[in-house]
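Survey of secondary and tertiary structure
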Amino acid sequence: MPAGGWKAPHNLRARPGVVAPVHRASSRTLGAALPFLAESGNPMAGAYIGPNLLSRSTFCFDPWEAYAAGVVRSHSMAIFGVKGSGKSVLAKALSTRLCRLGRKVAVPHDPNGEWTRVAAYVGGVTMRLGPGQAARINPLDPGPRRADVSGADWTQEVLQFQRTKVRAMVAILRNTTDLSEIEHTAIDLALEQVHRSNSTALVPMVWEALRNPESHIAEEIGAGGQMLAHTLRRVTVGDLADLMDRPSTVAFDANTPMLTVDTSGLLRASAETKALLRLTTTDWIERGTPAGPGQARLIVHEEAAVALLNEVAGGGNLVGRVSDEKTARHKRRSNCYLIHRINDFDALGDRGSALHAQALGLLADCDTRVNYAQHTGELERSSQVLGWNRTQTELVRKLRRGEGFWQIGPERVAKVRNDCTPGELAVFRTDGPGAAPQ
Ligand SMILES: Nc1ncnc2c1ncn2[C@@H]1O[C@H](COP(=O)(O)OP(=O)(O)O)[C@@H](O)[C@H]1O
Ligand SMILES: [Mg+2]
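Everything numeric here is computed off the predicted structure, so don't read it as measured data. The residue numbers shown here count from 1 along each chain, following its written sequence. The order in which chains are written sets their letters, starting at A; the order in which ligands are written sets their numbers, starting at 1. Residues qualify for local features only when their pLDDT is at least 70, as the model is predicted, and side-chain atom pairs are given and counted only at 80 or more; totals for whole chains, interfaces and linings, by contrast, use all residues.

Some words on the overall build of the protein
How we decide: Counting from the N terminus, the helices are DSSP H or I runs at least four residues long and the strands are E runs at least two residues long. Field definition: a residue is buried when 20 or more other C-beta atoms are found within 10 Å of its C-beta, exposed when 12 or fewer are, and partly exposed for counts in between, with C-beta atoms placed from the backbone. By the convention adopted here, residues are in contact when the distance between their C-beta atoms, placed from the backbone, does not exceed 7 Å.
Within the protein, the secondary structure is distributed over 17 helices and 11 strands. A burial count over the protein gives 41% of its 438 residues as buried. Long-range contacts, defined as pairs at least 24 residues apart, comprise 73% of the intrachain contacts of the protein with a sequence gap of at least 6.

Encoded structure:
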């Protein structure tokens, strides 16, 4: 064959018919001339994630830096994508790299035990919870006594936390958040009775107070208390008892770079058990984290929709999450929710119901949304809820494994390939030889 290839039509050896004129300009001028291609020139600070495939520049992210720069209005983020699309690998890459920058990370519920190696990789710790494990967390554990509040205020704060906690537990056990006025009163009075004679409140004590109230409150607690006692019975003598009926045996170490809670031992446990444990560990981590500089912590909620929303249609956990988002910013927490699809939110309560609105509200609180590959059938609903235009929807349709479409606040978008080193992948991956157990 001749060096220039055979001379034939369409063999791509012909000279181009059009010669573009040479044009020189400064990058400043080009930035204005090509506004849809050039970035603002103000890259975001934070952990390296990979190349931005839209602009070919380097993409970094840190929720707190993005907030400080005014790019987002909340620290929290949501990562969507079908199973196997790369959500967990992204969460692990972001977490470990943020740890290297001094941020802290917690994973309150790791149903596959896939974060244990990640915690070890950054010098963090893993706690195992479940049948046969020694570690216990008391759901009513208020965490370490805060130095900045007086004795009386602290007692009030503990009572308030425990009230909310008992209500959330009841909501999970009953599959509904509806509590009657009498039941609200009964919980208050029962907790006060427990505090009169004990320094550490435990769920069985509350149960006992509801069944056998002191004479001066017996009338007020009345029938409402009896119904509540029936609900809480499962946490005290039923199948859940062993996990939550005693004082905590572990203290949360706020200085550890990464804490993960391996709940893989609960694989066959009931949905309520998983939901109650998730509620307990999340609160335990949050209450154990002192406020203040240097305490910025990323909380990764693995399989968020499955365990946090869907399994417990009553939404007990969701209510806790929504109220948590209100305080998270102040406490320098960033919640990172890993969710399969938007439809998981729709499955929670009827469209238009208060619960459904709360689910979407939680999403609205996540000002950073990352979409990994989605099923084609889900794209339309996602584009509605997440506000994509046609081009962006097409972009998500074509995403490959490990590639994500980022929406950061109202202004910024990026298509980012999450670059991992072979060493990182060996720690992060959940498939192939030597992978963490699924
Ligand atoms: N950025 C990436 N680079 C290389 N491989 C990846 C990347 N993201 C995901 N993978 C591969 O895909 C597999 C599934 O990813 P994973 O994040 O666990 O999926 P899921 O979305 O279900 O959490 C991983 O075990 C890994 O082998
Ligand atoms: Mg995963």
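Quick notes on the pairing of strand β8 (residues 333-339)
Taken residue by residue, a regular strand's side chains alternate between the two faces of the sheet. Note the following rule: Strand pairing is assigned whenever DSSP detects at least two bridges linking the two strands.
The element β8 is largely enclosed, with a buried count of seven among its seven residues. Side chains R333, N335, Y337 and I339 of β8 all project onto a buried face; the interleaved residues S334, C336 and L338 project onto the opposite face, where all are buried too. Bridge analysis of strand β3 (residues 77-80) against β8 gives four bridges, and the strand direction is parallel. Across the sheet, F80 pairs through a bridge with I339, a residue of β8.

Concerning helix α5 (residues 151-174)
Since one α-helical turn is 3.6 residues long, residues separated by three or four positions face the same way. Just so we agree on the cut-off: A helix is expected to span 1.5 Å for every residue after the first.
If you check α5, its first and last C-alpha atoms are 35 Å apart, about what 24 residues at 1.5 Å a residue would give, namely 34 Å. Two residues or fewer past α5, N175 is found with a positive phi of approximately 65°.

Quick word on the nonpolar core
Where we set the bar: To define a nonpolar core, we join buried Ala, Val, Leu, Ile, Met, Phe, Trp, Tyr and Cys residues through C-beta atoms within 7 Å and take the resulting set. An automatic or database domain assignment supplies the residue ranges for each domain.
Residues I79, A190, V206 and L210 are the most contacted members of the largest nonpolar core, which totals 93 residues. Viewed by domain, this core spans two of them, domain 1 (53-137 + 248-428) and domain 2 (151-241), each represented by three or more residues.

Structural notes on the packing of α5 against helix α10 (residues 271-288)
The relative placement of two packed helices comes down to the angle between their axes together with the axis-to-axis distance. Our working definition: The angle between two axes is taken between their N-to-C directions and runs from 0 to 180 degrees, where each axis is a line fitted to C-alpha atoms and a helix contributes only its stretch in contact. Working definition: roughly parallel below 35 degrees, roughly antiparallel above 145 degrees, roughly perpendicular at 65 to 115 degrees, and oblique for all remaining angles. Should the near helix be turned counterclockwise from the far one by less than a right angle, the crossing is left-handed, whereas a clockwise turn marks it as right-handed.
Contact geometry of α5 with α10 gives a least axis separation of 9 Å together with a crossing angle of 160°. Classified by the angle between their axes, α5 and α10 sit roughly antiparallel to one another. You can see that α5 and α10 cross each other, and the crossing is right-handed. Of the residues in α10, those touching α5 at K165, A168, M169, I172 and L173 are E272, A275, L276, L279 and D283.

What about the packing of helix α6 (residues 181-197) against helix α8 (residues 215-236)?
Relative orientation of the contacting elements α6 and α8 amounts to 110°, with a least axis distance of 8 Å. When the interaxial angle is binned, α6 and α8 end up roughly perpendicular. Pair α6 / α8 crosses with left-handed handedness. From α6, I182, E183, T185, A186, I187, L189, A190 and Q193 reach across to α8, where they touch I217, E220, I221, G222, G224, G225, M227 and L228.

Focus on α8
Counted only if it meets this: Bend is computed residue by residue as the angle between axes fitted to the seven residues ending at the residue and the seven residues starting at it.
In this model α8 runs just 23 Å from its N-terminal to its C-terminal C-alpha over 22 residues, more than 12% under the 32 Å that 1.5 Å per residue would give. Along α8, the largest kink reaches about 75° and is centred on I221. For α8, the elements touching its buried residues are α5, α6, α7 (203-211) and α9 (241-244).

As for the environment of T273
Positionally, T273 belongs in helix α10. Sequence separation between T273 and L173 is 100 residues; the distance between their C-alpha atoms is 8.9 Å. With residues near it in sequence (within four places) discarded, T273 still touches L240 and L266.

Describing the pairing of strand β6 (residues 258-262)
Of all five residues in β6, five are buried; the element is thus mostly enclosed. Where burial is concerned, the two faces of β6 agree: the one with M258, T260 and D262 and the one with L259 and V261 are both buried. Here strand β4 (residues 104-110) pairs with β6 via four bridges, running parallel. Along β6, the bridge assignment pairs A106 with L259. The pairing of strand β5 (residues 125-128) with β6 spans four bridges and is classified as parallel. Paired with R128 across the two strands is D262, which belongs to β6.

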